[in-house]
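Analysis of the macromolecular model
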There are 2 protein chains.
Amino acid sequence: MRRVTSYHHGNLREALVQAAVGLGREKGPDGIVIREVARRTGVSHNAAYRHFADRDDLLREVAKVGHDELAGTMRSRVKRVRVTDPVERARRRLREVGKAYVEYALAEPGLFAVAFSHVSLGDLSGPYELLGAALDDCVEAGYLPSSKREGAELSCWAGVHGFAMLYSTGPMSDAPRKQRDADLERLLDRIDDGLSG
Amino acid sequence: MRRVTSYHHGNLREALVQAAVGLGREKGPDGIVIREVARRTGVSHNAAYRHFADRDDLLREVAKVGHDELAGTMRSRVKRVRVTDPVERARRRLREVGKAYVEYALAEPGLFAVAFSHVSLGDLSGPYELLGAALDDCVEAGYLPSSKREGAELSCWAGVHGFAMLYSTGPMSDAPRKQRDADLERLLDRIDDGLSG
DNA sequence: CTGCGATGTGGACACTGTCAACATACCTCC
DNA sequence: GGAGGTATGTTGACAGTGTCCACATCGCAG
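Since the structure is predicted, the reported quantities are computational estimates derived from the model, not experimental observations.

So, how was this worked out
- Residues numbered from 1 in each chain as written.
- Chains lettered and ligands numbered in written order.
- Predicted model: local features only at pLDDT ≥ 70, side-chain atom pairs only at ≥ 80, totals over all residues.
- Heavy atoms only, no water.
- Least-squares fit on C-alpha atoms with pLDDT ≥ 70 in both.
- Contact = heavy atoms within 4.5 Å.
- Domains from an automatic or database assignment.
- Buried area = accessible area lost by both parts, 1.4 Å probe.
- Salt bridge = Lys/Arg side-chain N within 4 Å of Asp/Glu carboxyl O.
- Helix = DSSP H or I, 4+ residues; strand = E, 2+ residues; numbered from the N terminus.
- Buried < 20%, exposed > 50% of the residue type's maximum accessible area, 1.4 Å probe, protein only.

Overlaying chain B on chain A yields an RMSD of 0.0 Å, the required transformation being a rotation through 180° with an accompanying axial translation of 0.0 Å. When the rotation and shift are considered jointly, the pair of chain copies conforms to a two-fold rotation axis. Most of the interface of chain B is mirrored in chain A, where 100% of its interface residues again form contacts.

Shown next as structure tokens:
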């Protein structure tokens, strides 16, 4: 049904989201501008209003893509863990969850910013549940005492999210990579220290 | 020299910053709009360009106010600590630094967002040094092992900054106050756990 | 007191989000 | 298979924005 030259596009909605994602990647939330999205899609300004209520609505769709990519990065990093000892495995997986979060924020600062610009917790179910599962594993393996399990998502999330903010688009964004990596390792060490015992 | 009715204002720059700060408080970074700032100051659009290179330049000035208020909140909370035992005092002061950070972000979400929208580390010397001093005290009191001192600013900052982001304008912003407070206490507990030992 | 630099004004331009009116294509029902 | 209704795109308009340029007005140095 690819009637690109016709009056009706056939799949405009998806095409608009793709263009918006591209802009988000390049320039962040403020770069997602309806009229430029339309231009890149080869369609008139205003065409987007047949598919999205307003700009925020489109932004939310772009944010979803960000959430999915973030969750994908987490899953991929967790899957790569090859440790067999249950405790070490659970710890390592949790650490990889955190690394993936920061990795994505640094690789895609624009989309990461969009993903956290107009969002509520419900939209983040993917990443949030991956973190929860990693913490559950830590309890099951006997590493994380269950007395510390409650609210552990938030302590971990806060640490990693703050780091991502500071280093992706925030005040630490021009720190040298070497220092940044060392800082991240130390942060993950402290989180680990905080959970055990 | 208060010649308010005259052609020349006498103190326009400061008046513009005040108006911009007001807008930032009410609506965050995107609410700081040059023409509205001018309107509120009773001056023509464009007058601001005699005092600021462009909008970003004005934003940076507003951000400075945010940094100062943030540092002020921290100082005020730290000063209130009445514990005498050196170790407990140092721990408590560090905790108050964190609480102040979050307290400010929740009390002034708009200005807090401005304060971290277009900033580099150098602009944050005030808050950053207060945190560093609190950590130094922890080392001096023998609570924080000096092997863990390096990069400790960043672990603490990341945790508290992430929490502030998530709960002030982020995805946790509509969490009930009670849960939010409990989450913060747990976060500060984990940070404390992570530093000791 | 005179003239020059600093400060404020008015108008213009290109750009944005959004609304209303119009045009076209697709799809269903007789 | 034609007719009409609905979904989808287009054109044009409006108010609002940041920023540039030319002009007006003021305060102060000589």
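Additional details are given in the paragraphs that follow.
Here we come to the domain arrangement of chain A. Many analyses report the size of an interface as the accessible area lost when the parts associate. All names here are of chain A. Segmenting chain A into domains produces domain 1 (12-52) and domain 2 (56-195). One C-alpha centre belongs to domain 1, the other to domain 2; they are set 29 Å apart. At the junction of the two partners, domain 1 supplies 12 residues and domain 2 supplies 13 residues. The three residues of domain 1 that bury the most area against domain 2 are Arg-25, Pro-29 and Phe-52, which together make up 48% of that side's buried surface.

Okay, the pattern of salt bridges next. Here the structure, examined in full by the defined rule, presents 46 salt bridges over all chains. One salt bridge connects Glu-96 of chain A with Arg-77 of chain A, and the closest N-O pair in it is separated by 2.6 Å. One end of the pair, Glu-96 of chain A, is in helix H4 (residues 86-107); the other, Arg-77 of chain A, is in helix H3 (residues 55-79), and 19 residues separate them in sequence. Across the pair Arg-60 of chain B and Asp-57 of chain B runs a salt bridge, and its minimum N-O distance is 4.0 Å. Here Asp-57 of chain B and Arg-60 of chain B lie together in helix H3 (residues 55-79), a separation of 3 residues that amounts to about one turn. A residue is classified by how much of its surface remains accessible, and Arg-60 of chain B, at 37% relative accessible area, is partly exposed.

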